[in-house]
Amino acid sequence: MSTKVLIVAEHDGAKLNPSTAKCVTCARGITGAEITVVVCAADASALASQAAQLAGVTKVLTVENPANAHALAAVLAPQIVALAGPFTHVFGPSTTFGKDLMPRIAALLDTAQVSDIMAAESPTRFRRPIYAGNAILTVEIDAGTKIVGTVRTASFESAANGGSAAIEKASVTADLPTHTRFVSVSAAKSDRPDLQTASRVISGGRALGSADAFKILYSLADKLGAAVGASRAAVDAGYAPNELQVGQTGKIIAPELYVAIGISGAIQHLTGIKDARTIVAINKDGEAPIFEVADLGLVGDLFQIVPELEKLIAAR
Amino acid sequence: MKRILVGIKRVVDYNVRIRVKPDGSGVITDGVKMSINPFDEIALEEALRIKERGGAEEVVVVTVGPADCQPQLRTALAMGADRALHVQADGVVEPLVAARAILKLVEREEPLMVILGKQAIDDDNSQTGQMLAALWNRPQATFASKVELADGKARVTREVDAGLETLEVDLPAVITTDLRLNEPRYVKLPDIMKAKKKPLETLTLSAIGVEQKQRLKLVKFEPPPQRQKGIRVKDAAELVEALKKKGLL
């Protein structure tokens with residue numbers, strides 16, 4: 001049986017989220033997979049042409065409906081289910097978008113979901129982290145069972161541009177509920193790189209001590225062109241907003257360089273940075289667990305080290 | 001009666017260092033401390049607070065799992081749940097099975113809402129709440145950090161990748177909790193005594209008409225790859241040099 005993968009595109013109405021290109025790479029890892037991306041939006045034309053450029057995508061389906069202006073799982077799920085018939089796999093990213101939506105799709109399809117796929121070993125066999133990444137589980141599903149999956153974006157490179165998939169309008173007959181309504185989203189506008197995809201991340205923990213003190217990290221990040229992240233402790237304490245949280249229940253990231261400043265390194269945090277190429281730890285406690293995973297460790301007072309670093313980097 | 005159902009799961013305590021069995025058949029759970037999944041504790045706390053504010057009259061805690069889940073149900077009763085429902089199930093209970101079982105209880109109890117943790121810290125699946133909402137054909141508000149009830153609706157603030165999103169959902173609905181929704185209360189000794197007298201009903205999957213179906217075969221468990229031990233540098237200047245050498249600056 002041929003493998004046909006449907007990928008649910010994540011987007012903000014104007015731009016495709018990079019998570020979609022990572023799902024494409026995951027699907028391309030399955031030998032012989034034919035990949036279709038579905039874009040559900042109020043106006044899908046610009047998004048569809050972005051998706052069509054992703055190398056490896058054969059077809060882009062668009063589902064246009066004013067109800068799709070905001071990504072509501074209860075509204076999107078029946079539309080995806082209506083399209084899922086011919087596909088063997090339905091994938092979405094393991095971001096808050098996909099985590100919210102994909103299980104709803106799986107339940108309507110009466111099938112299992114494989115969450116956080118980090119490798120597709122065959123069309124039916126997948127590896128995924130469990131216990132905050134402290135164990136890796138290989139799961140297998142019977143051939144012939146439709147599979148819903150969320151893709152752990154940190155495990156995959158983005159698919160390159162250069163493709164030219166056919167774009168097709170899909171007509172979907174599905175009853176869309178009105179019981180769920182979008183009210184607002186409060187996203188801080190920032191000129192810094194996006195935390196999820198940044199190649200460099202400066203991240204701060206409880207030791208920063210206040211929201212004011214946390215700002216020294218923004219200044220260092222700007223010198224490096226880095227995104228800013230935070231540990232759960234720093235977010236809980238109100239030093240940084242929730243969207244900066246890195247870890248088991250926050251964002252799982254894979255930057256080239258991750259600098260952990262004043263972060264002790266609880267396992268829940270470490271699971272979010274395992275795939276970072278180089279980890280730097282700056283902490284006054286030389287016994288902190290973060291040093292066990294750090295490639296470069298510096299024991300000392302962060303309030304002295306961070307300004308020094310900033311000066312040295314600016315002078316280079 | 002205005003009722004809230006809370007789903008809980010018994011998991012390896014979050015402080016336990018997880019070890020994979022040498023034969024790769026699972027993780028070591030013998031003699032390991034078990035607890036209520038921390039996100040589910042937050043779910044229960046939220047339900048109790050809603051009841052204390054007059055938004056509900058009864059909080060019913062539900063679990064689907066083996067017989068040894070009962071201590072966690074008793075803990076939930078000690079926290080303040082009014083009664084407990086235990087759907088006994090052996091073997092691996094996949095999220096879809098758990099959702100189907102909870103749906104059966106939803107049909108019986110007709111709650112105003114069901115609150116569950118956004119994920120269990122053992123399998124990290126993050127599926128059961130969404131699946132329940134789908135099967136029930138009701139709204140879902142996942143990853144909640146604030147819940148306000150008024151006029152048969154819930155206004156829920158959700159922690160999403162972009163920041164904070166607010167949804168309005170008609171009740172009944174399924175809500176899953178994020179970390180910052182609340183801080184669960186501590187259980188006091190007299191409450192533990194009282195909890196022993198609270199009703200705990202035991203059911204089975206077959207009695208409620210749910211098939212125990214495992215679709216995903218657990219092939220093997222492995223420890224994660226370890227990172228190479230790194231080096232220490234003595235000051236900021238040495239750090240910058242080391243980063244340059246790695247081509248990172």
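Turning our eyes to something else, we now look at the pairing of strand 15 (residues 278–283) of chain A. Residues and elements named next belong to chain A. Counting buried residues in strand 15 gives six out of six residues, a clear majority hidden from the surface. Of the two faces of strand 15, the one carrying Thr278, Val280 and Ile282 and the one carrying Ile279, Ala281 and Asn283 are both buried. Pairing of strand 14 (residues 257–261) with strand 15, which is carried by five bridges, proceeds in the parallel orientation. Bridge pairing links valine 259 to valine 280 in strand 15.

The next subject is the pattern of salt bridges. Throughout the structure, instances matching the rule amount to 42 salt bridges over all chains. The partner of Asp110(A) in a salt bridge is Arg100(B), with the nearest N and O atoms 2.9 Å apart. With Asp110(A) in the loop between helix 4 (96–108) and strand 5 (113–117) and Arg100(B) in helix 3 (residues 95–109), the pair connects residues from two separate chains. Taking the relative accessible area as the measure of exposure, Asp110(A) reaches 38% and is therefore partly exposed. Look at Arg100(B) and you get partly exposed, because its relative accessible area is 31%. For Lys244(B), the salt bridge goes to Glu241(B), with nearest N and O atoms at 3.7 Å. Of this pair, Lys244(B) and Glu241(B) are both found in helix 7 (residues 236–245), three residues apart, which corresponds to roughly one turn of the helix. Judged by its relative accessible area of 36%, Lys244(B) falls in the partly exposed class. Overlapping salt bridges, with partners in common, bring together Arg3(B), Glu58(B), Arg83(B), Arg108(B), Glu109(B) and Glu201(B) in one network.

Residue and element names in this part refer to chain B. Judged by side-chain polarity, Val187, Leu189 and Ile192 come together as a nonpolar surface patch covering roughly 250 Å² of accessible area. Relative to the helices and strands, valine 187 is located in the loop between strand 10 (173–177) and helix 5 (189–195). Judged by its relative accessible area of 31%, valine 187 is partly exposed.

With mixed pairing, ten strands are arranged side by side in an open sheet as 11(A)-9(B)-8(B)-7(B)-10(B)-6(B)-1(B)-4(B)-5(B)-11(B). Whereas interior strands pair on both sides, the edge strands pair on one side only; in this sheet they are strand 11 (180–186) of chain A together with strand 11 (200–204) of chain B. Pairs of neighbouring strands in the sheet enclose a mean axial angle of 30°, with direction left out of account. Pairing analysis gives six bridges linking strand 11 of chain A to strand 9 (residues 163–170) of chain B, with the strands arranged antiparallel. Each bridged residue has a counterpart across the sheet, and for Ser186(A) the counterpart in strand 9 of chain B is Leu164(B).

Across the nine residues that make up helix 4 (residues 128–136) of chain B, a large majority, seven, are buried. Looking at helix 4 of chain B, one finds that the buried residues are Gly129(B), Gln130(B), Met131(B), Leu132(B), Ala133(B), Ala134(B) and Trp136(B). In this structure, the buried residues of helix 4 of chain B make contact with helix 4 and strand 5 of chain A together with helix 3, strand 6 (113–117), strand 7 (140–150) and strand 10 of chain B. Where helix 4 of chain B terminates, the next one or two residues include Asn137(B), which has phi positive at roughly 60°.

Right, let's get into the interface of chain B and chain A. Facing the 75 residues of chain B at the interface are 85 residues of chain A. Summing the contributions of chain B and of chain A, the shared interface buries around 6,900 Å²; its carbon and sulfur component is 54%. Our count for the contact surface shared by chain B and chain A stands at eight salt bridges. Its salt-bridge partner being Arg127(A), residue Glu222(B) comes within 2.6 Å of it at the nearest N-O pair. For the pair chain B and chain A, the number of links is 43 residue pairs in polar contact (both at pLDDT 80 or more). Breaking the side of chain B that touches chain A down by element, the ones donating at least two residues are helix 3, helix 4, strand 7, strand 8 (153–160), strand 9, strand 12 (216–222), strand 13 (231–233) and helix 7 of chain B. A total of eight residues in the side of chain B that touches chain A trace back to one element, the largest contributor, which is strand 9 of chain B. Looking at the side of chain B that touches chain A residue by residue, the classes come out as 36 nonpolar, eleven polar and 28 charged.

How each quantity is defined
Residues numbered from 1 in each chain as written. Chains lettered and ligands numbered in written order. Predicted model: local features only at pLDDT ≥ 70, side-chain atom pairs only at ≥ 80, totals over all residues. Heavy atoms only, no water. Buried < 20%, exposed > 50% of the residue type's maximum accessible area, 1.4 Å probe, protein only. Helix = DSSP H or I, 4+ residues; strand = E, 2+ residues; numbered from the N terminus. Pairing = 2+ DSSP bridges. Salt bridge = Lys/Arg side-chain N within 4 Å of Asp/Glu carboxyl O. Patch = residues over 30% accessible without salt bridge, like charges linked within 9 Å, V, L, I, M, F, W, Y side chains within 5 Å. Areas by Shrake-Rupley, 256 points an atom, 1.4 Å probe, with all protein chains shown as cover. Axes fitted to C-alpha atoms, helices over the stretch in contact; angles between N-to-C directions. Contact = heavy atoms within 4.5 Å. Buried area = accessible area lost by both parts, 1.4 Å probe. Polar contact = N/O pair within 3.5 Å; in protein donor to acceptor, adjacent residues only side chain to side chain. Nonpolar A, V, L, I, M, F, W, Y, C, P; charged D, E, K, R; others polar.

Everything listed here is a matter of geometry and, on its own, says nothing about what the molecule does.
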